[in-house]
Amino acid sequence: MITERSLLQATVAVACLVPILTGLDGVLRGAGMFRLVTPTADLDSHFRYLSGIFLMLGLAFASTIPRIEHHGPRFRLLGAMVIMGGLARALSWAMIGAPGAGHRFGLVMELVVVPLLMLWQARVARRTAAAQSST
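Residues numbered from 1 in each chain as written. Predicted model: local features only at pLDDT ≥ 70, side-chain atom pairs only at ≥ 80, totals over all residues. Heavy atoms only, no water.

### Focus: the overall build of the protein chain
The helix and strand tally for the protein chain stands at four helices and zero strands. Traced from its N-terminal end to its C-terminal end, the protein chain shows the element sequence α-α-α-α. For the C-alpha atoms alone, the extent of the protein chain along its principal axes is close to 60 × 30 × 25 Å. A total of 135 residues make up the protein chain; the buried ones form 30% of that total. (Helix = DSSP H or I, 4+ residues; strand = E, 2+ residues; numbered from the N terminus. Buried < 20%, exposed > 50% of the residue type's maximum accessible area, 1.4 Å probe, protein only.)

This is the structure in structure tokens:
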């Protein structure tokens, strides 16, 4: 029987693929992956640095999967980091204009999906704690 915990774990595993794969792509290809202009060394360096952070963020979320019900503080911290990034992306949209489809997808992940996953993780943690205290 598939449990709510298992569904959460599977959902987080799939969601982790976004920062892991995108971060890895950015680390390997740098700012040139956008093919807009030839990036300066500073822009490329900064982009690869941020991509490395993004990659590690995905791996850190993945580290919560095996015992997801026990990793509330880590999950919330990582989620807060993602939400802050989403707020920064929303500020860019307001100041500069709408980004492309991929970045809009990112915004939905950052400001909708991740907060919902945080609430779901808290629910699973509460239910697990309640079940353990009743035994």
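### Some details on the nonpolar core
Leu-8, Val-12, Cys-16, Phe-61, Phe-75 and Leu-117 are the most contacted members of the largest nonpolar core, which totals 19 residues. With sequence-adjacent residues up to four places away left out, Cys-16 is seen in contact with Gly-58, Phe-61, Ala-62 and Ile-65. (Core = buried A, V, L, I, M, F, W, Y, C linked by side-chain atoms within 4.5 Å. Contact = heavy atoms within 4.5 Å.)

### Concerning the packing of aromatic side chains
Per the stated rule, a full pass over the model turns up two aromatic pairs. Between Phe-34 and Phe-47, the ring centres sit 5.5 Å apart and the planes meet at 85°, which makes this aromatic pair edge-to-face. Of this pair, Phe-34 sits in the loop between helix 1 (4-29) and helix 2 (41-63) while Phe-47 is found in helix 2, placing the two residues 13 residues apart along the sequence. Phe-34 gets classed as partly exposed once you look at its relative accessible area, which sits at 37%. Relative to Phe-75, the ring of Phe-61 lies with its centre 5.2 Å away and its plane at 80°, an arrangement referred to as edge-to-face. Of this pair, Phe-61 sits in helix 2 while Phe-75 sits in helix 3 (residues 72-95), and the two are 14 residues apart along the sequence. Side by side, Phe-61 and Phe-75 carry an identical accessibility label, which is buried. (Phe/Tyr/Trp six-rings, centres within 6.5 Å; stacked < 30°, edge-to-face > 60°.)

Taken by themselves, the reported measurements are silent on function.
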